[in-house]
Amino acid sequence: MVITSTQKLTFEEYLNYQGESGVCYELYRGNLIEMPTPTAIHIKICEFLVYQFRRFFAAHNLPIVAIVTTAVRTEENSSRIPDVVICTQSLWEQVCAQPGSAVLDFEEKPLLVIEVTSQNWRDDYIRKRAEYDLIDIPEYWIVDANQPKIRVCSRPENEGSYSHQEFLPGQQVQSVQFAEFILSVNQVLSPPLVEDLIREEEAQRQQLEQQNQELEQQNQQLEQQVNAERQRAERLAQRLREMGVDMDSEL
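Treat the numbers as computed from the prediction; the structure is a model and nothing was measured.

Undergrad: So what exactly am I meant to see when it comes to the side chain of Thr117 here?
TA: Inspection of the secondary structure puts Thr117 in the loop between β8 (112-116) and α4 (121-125). Within polar-contact distance, the side chain of Thr117 engages the side chain of Asp144 at 3.3 Å. Discounting residues that sit within four places of it in the chain, Thr117 has contacts with His42, Asp124, Tyr125, Ile142, Val143, Asp144, Ala145 and Asn146.

Structure, rendered in structure tokens:
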């Protein structure tokens, strides 16, 4: 943890603080902490997780959102900026409706926060874990590409603090709150580009649409054949009646 200023700030002062352009700051007990510039793999992991969570929530029609670099107030003069925040849509709308910085400072807390480790990885395992636990965030992931592993912290029923489970390469990580949300640890730690996933899904969508069109055309052709045979049979029956042949009596 690198403190960037000896002058302590209140939470309200932090919300209005104008630091160096392009730099994000956390607040820890009044001390400003400059967040390190993320690496490329750090960014890829965050984008991949947000994409997968959004797809999951959309597929299950859940009013929940996945967002990045949104601050969460953890103490009187502390505010953290998790890499990924999962919260209800109504909570996010409250954040969007308020002026100033995007900070979750409400009675309702996020459902899940994720930290992807960087140079200050000790904070993720110790300080931030304690702060997120203190404000009753139900689930906290630490994604560590260097170890490599994913630690999922949660509060079991009737227990007063976090316990955790670790998921290693070759395993699948599963959310505690969203039991059907399961990802390959290998894929999380070394994710594909989200753009490639979108292109792949679009190609599959187009292929499925083409297959549906071809099936519809086949059904139309079959219907036309059936109608043609019916009309042919009706003409034959009419011709026979004209010739005085009573098909019913012949049968």
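Now that the structure has been shown, we can carry on.
Undergrad: Where do I start with the state of the cysteines in this structure?
TA: Such a bond, covalent and formed between the sulfur atoms of two cysteines, is termed a disulfide. Per the stated rule, a full pass over the model turns up 0 disulfides. Of the cysteine sulfurs around Cys24, a residue in no disulfide, the closest is that of Cys46, at 12 Å. Its relative accessible area of 39% is what places Cys24 among the partly exposed residues. This cysteine, Cys87, is not joined by any disulfide, and Cys96 carries the nearest cysteine sulfur, 8.8 Å off.

Undergrad: Where do I start with the packing of aromatic side chains in this structure?
TA: Note on aromatic pairs: each is described by the distance of the centres and the angle between the planes. As enumerated under the stated definition, the model contains 12 aromatic pairs in all. For the pair Phe56 and Phe178, a centre-to-centre distance of 6.2 Å together with 65° between the ring planes defines the contact as edge-to-face. In this pair, Phe56 sits in helix α2 (residues 40-59) while Phe178 sits in the loop between β12 (172-174) and β13 (182-184), placing the two residues 122 residues apart along the sequence. Across the pair, Phe178 and Phe56 agree in class, each one buried. With centroids separated by 6.2 Å and ring planes inclined at 80°, the aromatic side chains of Trp121 and Tyr125 adopt a geometry described as edge-to-face. Taken together, the residues Trp121 and Tyr125, both in helix α4 and 4 residues apart, mark about one turn of the helix. Judged by relative accessible area, Trp121 falls into the partly exposed class, the value being 32%. By way of ring pairs, the aromatic residues Phe53, Phe56, Phe57, Trp141, Phe178 and Phe181 are connected into one cluster. Lying across the ring of Phe11, Arg73 places its NZ or CZ 3.8 Å from the centre.

Here is what the cut-offs are and how they apply
- Residues numbered from 1 in each chain as written.
- Predicted model: local features only at pLDDT ≥ 70, side-chain atom pairs only at ≥ 80, totals over all residues.
- Heavy atoms only, no water.
- Helix = DSSP H or I, 4+ residues; strand = E, 2+ residues; numbered from the N terminus.
- Polar contact = N/O pair within 3.5 Å; in protein donor to acceptor, adjacent residues only side chain to side chain.
- Contact = heavy atoms within 4.5 Å.
- Disulfide = S-S within 2.5 Å.
- Buried < 20%, exposed > 50% of the residue type's maximum accessible area, 1.4 Å probe, protein only.
- Phe/Tyr/Trp six-rings, centres within 6.5 Å; stacked < 30°, edge-to-face > 60°.
- Lys NZ or Arg CZ within 6 Å of the ring centre and 35° of its normal.

Everything listed is a geometric property; what it means functionally is a separate question.
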